[in-house]
Amino acid sequence: MNFKQIISEKLNQALSQQVSSEKLAQLIEKPKDLAKGDYAFPTFTLAKQFRQAPQQIAADMAKKLNTDGFEKIEAVGPYINFFIQRDQFTSRIIKQILTEADFGKNQEGAGKNIVIDLSSPNIAKPMSMGHLRSTVIGEAISKIAQANGYHTIKINFLGDWGTQFGLMIASYKRWGNDQVINANPVDELVKLYVRINNEAQTQPELKDEGRRWFKKLEDGDPEATKLWSWFKEVSLKEFQTIYDRLGVTFDSMNGESFYNDKMDAVVQLLADKDLLTKSQGAEIVDLPKLLPDANFPIAMIKRSDGATQYITRDLASAIYRQDHYHFDKALYVVGAEQKDHFEQMKAILRLAGDGWADDIEHIGFGLITMNGKKMSTRKGNIVPLVDVLDAAHKLAAEQIAKKNPNLQNAEQIAEEVGTGAVIFNDLQNDRNLAIDFNLEDIVQFEGDTGPYVQYTHVRAMSILRKADQSVDSTQEIGLVDNEAWGIVSKLSEYGSAIQRAWQLREPSIIAKYLLNLAREFNSYYANTKILVADKNLNSRLALVQSVADVLASGLKLLGVAAPDKM
RNA sequence: GCGGAAGUGGCUCAACUGGAUAGAGCAUCGGAGUUCUAAUCCGCAGGUUGUGGGUUCGAGUCCCACCUUCCGCACCA
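Cut-offs and rules
- Residues numbered from 1 in each chain as written.
- Chains lettered and ligands numbered in written order.
- Predicted model: local features only at pLDDT ≥ 70, side-chain atom pairs only at ≥ 80, totals over all residues.
- Heavy atoms only, no water.
- Near = heavy atom within 4 Å.
- Polar contact = N/O pair within 3.5 Å; in protein donor to acceptor, adjacent residues only side chain to side chain.
- Helix = DSSP H or I, 4+ residues; strand = E, 2+ residues; numbered from the N terminus.
- Nonpolar A, V, L, I, M, F, W, Y, C, P; charged D, E, K, R; others polar.
- Expected span 1.5 Å × (residues − 1).
- Buried < 20%, exposed > 50% of the residue type's maximum accessible area, 1.4 Å probe, protein only.
- Pairing = 2+ DSSP bridges.
- Axes fitted to C-alpha atoms, helices over the stretch in contact; angles between N-to-C directions.
- Contact = heavy atoms within 4.5 Å.
- Right-handed = clockwise from strand over helix to strand, strands pointing away.

## Digging into the protein's contact with RNA strand B
Working step 1: RNA strand B sits among 64 residues. The nearest are Y79, R303, Y455, S462 and T528.
Working step 2: Those atoms of RNA strand B that come within 4 Å of the protein belong to sugar or phosphate at a rate of 59%.
Working step 3: At 2.9 Å, a side-chain N or O of Q309 approaches a phosphate oxygen of RNA strand B.
Working step 4: Side-chain polar atom of R313 to a phosphate oxygen of RNA strand B: 3.4 Å apart, as the coordinates give it.
Working step 5: When residues of the surface near RNA strand B are traced back to their parent elements, those giving at least two are α3 (44-50), β3 (79-84), α14 (310-325), α15 (339-351), α16 (385-403), α19 (450-466) and α22 (508-527).
Working step 6: Tallying contributions element by element places α19 first for the surface near RNA strand B, with eight residues.
Working step 7: For the surface near RNA strand B, the per-class residue count stands at 26 nonpolar, 15 polar and 23 charged.

## Overview of helix α17 (residues 410-427)
Working step 1: Its 18 residues give α17 an end-to-end C-alpha distance of 25 Å, which sits within 8% of 26 Å, the value for a rise of 1.5 Å per residue.
Working step 2: Burial analysis of α17 places 14 of its 18 residues in the buried class, which makes it a mostly covered element.

## Quick look at the sheet that holds strand β9 (residues 329-333)
Working step 1: The sheet built from four strands is open, its strands ordered β5-β4-β9-β10 with parallel pairing. Two strands lie at the open edges of the sheet, namely β5 (151-155) and β10 (360-363), each paired on one side alone. Each neighbouring strand pair of the sheet contributes to a mean axis angle of 20°, computed without reference to strand direction.
Working step 2: With five bridges connecting them, strand β4 (residues 113-117) and β5 associate as parallel partners. When the bridges of β5 are listed, I114 appears paired with T152.
Working step 3: Of the strands in this sheet, β4, β5, β9 and β10 are in contact with helix α6 (residues 129-147), which crosses β5 at around 165°.
Working step 4: Of the strands in this sheet, β9 and β10 touch α15, which is tilted by about 175° from β10.

## Thoughts on the pairing of β5
Working step 1: Of all five residues in β5, four are buried; the element is thus mostly enclosed.
Working step 2: Between β4 and its parallel partner β5, the chain crosses via α6, and the hand of that crossover is right-handed.

## Concerning the environment of A357
Working step 1: Among the secondary structure elements, A357 is positioned in the loop between α15 and β10.
Working step 2: Measuring from C-alpha to C-alpha, the distance between A357 and V532 comes to 60 Å, with 175 residues separating the pair along the chain.
Working step 3: Setting aside its immediate chain neighbours within four residues, A357 contacts K346, L349 and R350.

Take a look at the structure:
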């Protein structure tokens, strides 16, 4: 029984059940300002129904409401404000946090599978800031889903197939050097890729050479296969170091090449359902004709040269994933610019009669640009993710050297703080906001940042270490003091933040929640001496422990480390 | 042209999905150090929420029109 229910029951009785408690519950809100109360009920809609001034209704009802379970209930203008009994509530919340390992989490998704497509870099290209977004958002959503009881399957749909690899092979055959490549694999492969694209502008025959090599690759030519495998191997090795730094793991690394032998089945399926049309030598699904109201462009299934397209591979993978994982939801964490692509894909699956098409969700995110322009490997204006992580690490190490020179494991903690800053920075805003790349913004450690939250956790842990006693959660934990109410109130909202973050597929809700909680705690910390041997010491320590627990738990949901010292 | 996302203090973003005086962080300015870590805290200043209409008790939020920016619209992925 939560407060909204309790309050709506009370209101329902005060109104002699003329309005259902469900309706009343919907109207209840939380005032922005705690001084106005913990919950509030606006009477405007009732004013209309009963043809009375809202102020009057509020005043009349406030008199009729019994205050059981509340410190006070008062009418202020057209609002009825409810104040929770703070000591009882504090005690309950803090004991929950200290004794329940999964405080704030729920089991709504028990027994359900969520497939999440994330990261998906192209092999032989460096991971860039764009891949960071997909990786970090996907990872956070996965953990948030788990916190809501779901079972998740994370898939890294590697871009490891396509004409570009024919071009790479062609370029390698002309200019490649094993020693140089082995010394710095992805960098050198990119150079080869950029070079052949540039030279192809004046020598178009190079493109044909690339296509020929890709055809050989598709036909299983030993030399082509060997080179492709090598490119893939060195790329994956390099990717892995980044995934390790970000703390991200995958349940499947089946990339596009994995679906190579499953394409014919998709084409056949579409043909059987009468969805395929020939147009200008290509095989397409004529969506404008099939769904005239939907405003889709056509979907190309096979190019005029017989090669399959992106959407064909995505259709194959979607079908495979449904067959294998029986997902309740399949989330694709892919840039917002691909919205239409996923809408098309779903439309085709629906036309093919797959009822689960509606369980596919595209989780888009805003484009990262550089100086307002789209980044492109071919044009050479990308920011490798490693560089950003390294810059953040270096800055964190400098801060530690300055502020805490005796810190043990300084290197490891510099890494946790540095990557923490990068990850948090990416997650703290609404995911579909576009971002113009700015290194200074990313490696900020002050104000609304990851390190701010980490530091708050460190402060709490430091107090607990210095305390002569450990927290006794069996002892009565009373109202700590009025200044602490803001913290307790925030702590109690952790569960709803987790729910909302999942419903909206929005990690920023957790990030913002953590910033608010950290701010409340830091403010309290500045005004209240915690380690004082009085009768409330245990209560205060319990509060500090609760804050530390929730901060650590929330940071973990975002994939950010919560060190004890920094 | 059609479709999508966005427009809120100098900058980056909030606003519990229609509620009370639009809140934070950066930057600026002024304070707080023998103290539980100052990666912190407190304060001043800064706003006609792109423009114009509409809906209603009430609009940053919903509807219509327009303006600006970014993205997408078949042989790249």
